[in-house]
Amino acid sequence: MDATTSGATPSIPLHLIIDEPLSLVSALQQTYQRSQRHCFGESTPGEFPLAANPSIVLYVLTSCNLNPEDLAHLEVTCTFFRKPANFAPDFQLSISELAALDMCEKRAIFKPMREEERQVLKQRCGGSWKLVLRYILAGEACRREKSQAIAGPGHSIAVTSGGAAYTFGSNNSGQLGHGTLEEEWRPRLISSLQGIRIIQAAAGAGRSILISDTGTVFAFGKDSFGEAEYGAQGSKAVTKPQIVESLKDVFVVQAAIGNFFTAVLSREGRVYTFSWGNEMKLGHQTEPNDVEPRPLLGPLENIPVVQIAAGYCYLLALARQPSGMSVYSVGCGLGGKLGHGSKTDEKYPRLIDQFQQLNLQPTVVAAGAWHAAVVGKDGRVCTWGWGRYGCLGHGNEECESVPKVVESLSNVKAVHVATGDYTTFVVSEEGDVYSFGCGESSSLGHSTAQEGEENRHTNVLTPQLVTSLKRINERVVQISLTNSIYWNAHTFALTDSGKLYAFGAGDKGQLGIELVGQQTERGHPELVEVDLS
């Protein structure tokens, strides 16, 4: 049947070269004439002259949104490439390697890299462009670099898809970045950053960090990276975003603020930490007010990390190795939150090997104050650490010192998880939201205006659908909740249309919603007047 007349996709014109029958084959075999196909023109069969037009194979690989796993199956070596369009020729590249390099060229994190930087990244990832592509895609999947909302301790940050940053809430140390110490009850644009595209944000007690698409880090609020939440460090309040000079030579893609320390992740997958190094707690010796970044020593020195998450005195790192994804933890082991089967501290990052036993490939990590969570590639959710108030979702309040699958979510394919102070949220592939743990400050979202207020502070021991978010008829893509043991918690739910809903504690304006009378919290999701699309 002629494809052009049947309504199907028009076929690509191919030249057919019919070989002369060989004398060594039978007459029957000669009736099946062998055809060789190539792209166009009078080129030698098997040659793909990319200087004039990309090959069909390369077009399919680079334009059809294939997963890296698809590329792994294409190992046919091609030594005939003449002049690929986006990069210098490499006659030893296989088709899949060339396609992977071309796809890397299209990623924002890869484009500005110099050739020597690309080669360093390639070696860190395992010596293959396919592995580099997998590393880049894994980072994009778990580090949200579009619009996002951060529910910090008493203050909040909202970043639009265009890179504009809004802040609101408590401002006692200048952590809102507006040049004042006044609270803001509505989202307010940080005007001093206009023209700079922000892609990442982090919030700690009295301080904020923003990261631009050029890898520049801006900090404001308390002028210390390592004080406790009510510590004395920080000699002054920085009321406008300032570039962190000590990170000028590091292209940063993510920051995480934990109690007593701050961590940043570089484009090449290296982790650096500020402060909290006394007694070698993070593998290096520093002072609490140290503003110089120190590389995280140990196993992760030579393993690229795609995401970091900070909790109360500990750090999780999601790493991309040639064999797959893995999670490392370092710091305080109280409650078993490091996931190694004990409650001891770790001075250097240590692999959590339980995921191999569970046959689970981690894709997203979350570090709460006292517990942690992971989402696997297959959609399973694991939690571990201190189980107080049911924050692990296993139906009890017991501690788990190794990751354990949340069985009551077995029928849910999760894509995102967020943790706070004894609180956990899970977002499904369909955009449904489940929460469990401590119900203080109405931060779980299980109170609605229709149902009354009787259940707004109830603790939940197993995952429960947040029906109040279901009723908004929007697909939720991100949840952020306060990760602090000192501040009342609040929660943000961001939808794929860019709408932001808030609930929980709002006594400092951190919800972005005006409260009336003696109100200090919102028990059900309410739309915040800011468009993040």
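Under an unreviewed UniProt entry, the protein chain has the name Regulator of chromosome condensation (RCC1) family protein and belongs to Rhynchospora pubera.

J.: Tell me about the sheet that holds strand β26 (residues 460-465), residues and numbers included.
T.: Pairing is antiparallel across the open sheet formed by four strands, whose spatial order is β23-β24-β25-β26. At either end of the open sheet lies a strand with only one pairing partner, and these are β23 (414-419) and β26. Ignoring which end each strand starts from, the neighbouring axes of this sheet average 15° apart. Here three bridges tie strand β25 (residues 433-437) to β26, and the two strands are oriented antiparallel to one another. For Tyr434, the partnering residue across the bridge sits in β26 and is Leu465.

J.: An account of the packing of aromatic side chains is requested, with residue identities and associated values reported.
T.: Enumeration according to the criterion identifies eight aromatic pairs in this entry. Here Tyr312 and Trp370 contribute two aromatic rings whose centre-to-centre distance is 4.8 Å and whose plane-to-plane angle is 35°, an arrangement assigned as tilted. Residue Tyr312 is found in the loop between β15 (305-311) and β16 (314-321), and its partner Trp370 is found in the loop between β19 (362-367) and β20 (371-376); the two are separated by 58 residues along the sequence. Since its relative accessible area comes to 16%, Tyr312 is described here as buried. Assessed through its relative accessible area of 12%, Trp370 is described here as buried.

J.: I'd like a description of the sheet that holds β19, backed by residues and values.
T.: The strands making up a sheet associate through backbone hydrogen bonding, with each pair oriented either parallel or antiparallel. An order of β19-β20-β21-β22 is seen for the four strands of this open sheet, with the pairing classed as antiparallel. A strand with exactly one partner marks an edge of an open sheet, and here the two such strands are β19 and β22 (400-405). Within the sheet, the average angular offset between the axes of one strand and its neighbour, ignoring direction, is 15°. Two elements, β20 and strand β21 (residues 381-385), share five bridges in a ladder whose sense is antiparallel.

Conventions adopted
Residues numbered from 1 in each chain as written. Predicted model: local features only at pLDDT ≥ 70, side-chain atom pairs only at ≥ 80, totals over all residues. Heavy atoms only, no water. Pairing = 2+ DSSP bridges. Helix = DSSP H or I, 4+ residues; strand = E, 2+ residues; numbered from the N terminus. Axes fitted to C-alpha atoms, helices over the stretch in contact; angles between N-to-C directions. Phe/Tyr/Trp six-rings, centres within 6.5 Å; stacked < 30°, edge-to-face > 60°. Buried < 20%, exposed > 50% of the residue type's maximum accessible area, 1.4 Å probe, protein only.

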